[in-house]
Amino acid sequence: MPETITRADMAARVGQSLGSSRWFTVDQSMIDGFADITHDHQFIHVDPAAAAQTPFGGTIAHGFLTLSLLSAMVYDAVPTMEGVTMGVNYGFDRVRFVSPVMVNARVRGHFTLAAFDEPGPDEVQTTLDVEVEIEGTDKPALVARWLGRRYFGGEK
């Protein structure tokens, strides 16, 4: 569980690593479940026999599955700010799927605070540079620049 820090402490960490998540195993049941939820049943994800005949040699995770794991990874790695009443995903400035995540691979997220802004007295915007590492490989699964908003005080 990451630490809880003040807004000023978070602002002081611009340019620094905020931490890394635990490892997540991307198994076939996770891939199949994601395919069912998103209605994306392309064979490269859900048909091990057909996927074995491709250059990948087996099934791979959807890029959007890997991206969606950032929600769990960020909770592991990024400190919480004191007084936050709500946080929202504000979007991405950039997302690149660099390498496929093979079935049964383990992935984890690394987070660096690229920017910290205060658009209003009761809100902050964080910009995180994110890299999702695939265990045992040189290239990441994805790199992204992720924007988040945090609100303080009253209802939003």
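Notes on the structure follow. Just so we're clear, the structure is a prediction, and the values are computed from it rather than from any experiment.

1. Description of the overall build of the protein chain
For the protein chain, the helix and strand inventory stands at 6 helices and 8 strands. Here the protein chain holds 156 residues, and 40% of them are scored as buried. Looking at the protein chain as shown, the accessible area adds up to about 8300 Å², and 51% of this sits on carbon and sulfur atoms. In the protein chain, the 12 positive side-chain charges and the 20 negative ones have mean positions that sit 5 Å from each other.

2. A word on the packing of aromatic side chains
The tally for this structure, following the rule as stated, stands at 2 aromatic pairs. An angle of 90° between the planes, with centres 5.9 Å apart, marks the rings of F64 and F97 as edge-to-face. A residue pair is termed long-range when its members are at least 10 positions apart, and F64 in helix α5 (residues 63–68) and F97 in strand β5 (residues 84–97) qualify at 33 residues. On the accessibility criterion, F64 (58% relative accessible area) is exposed. Between F92 and W146, the aromatic rings sit 5.6 Å apart at their centres with planes inclined by 10°, giving stacked as the arrangement. Taken together, the positions of F92 in strand β5 and W146 in strand β8 (residues 142–152) put the pair 54 residues apart, joining distant regions of the chain. Classification of F92 as partly exposed rests on a relative accessible area of 30%. Judged by its relative accessible area of 10%, W146 falls in the buried class. In this structure, R7 packs its charged tip against the face of F152, placed 4.2 Å from the ring centre. The ring of Y90 is capped by R149, whose NZ or CZ atom sits 4.0 Å from the centre of that ring.

The rules behind each value
Residues numbered from 1 in each chain as written. Predicted model: local features only at pLDDT ≥ 70, side-chain atom pairs only at ≥ 80, totals over all residues. Heavy atoms only, no water. Helix = DSSP H or I, 4+ residues; strand = E, 2+ residues; numbered from the N terminus. Buried < 20%, exposed > 50% of the residue type's maximum accessible area, 1.4 Å probe, protein only. Areas by Shrake-Rupley, 256 points an atom, 1.4 Å probe, with all protein chains shown as cover. Lys, Arg positive; Asp, Glu negative; His and termini not counted. Charge placed at Lys NZ, Arg CZ, Asp CG, Glu CD. Phe/Tyr/Trp six-rings, centres within 6.5 Å; stacked < 30°, edge-to-face > 60°. Lys NZ or Arg CZ within 6 Å of the ring centre and 35° of its normal.

Without other data, these values stay purely geometric and don't point to any function.
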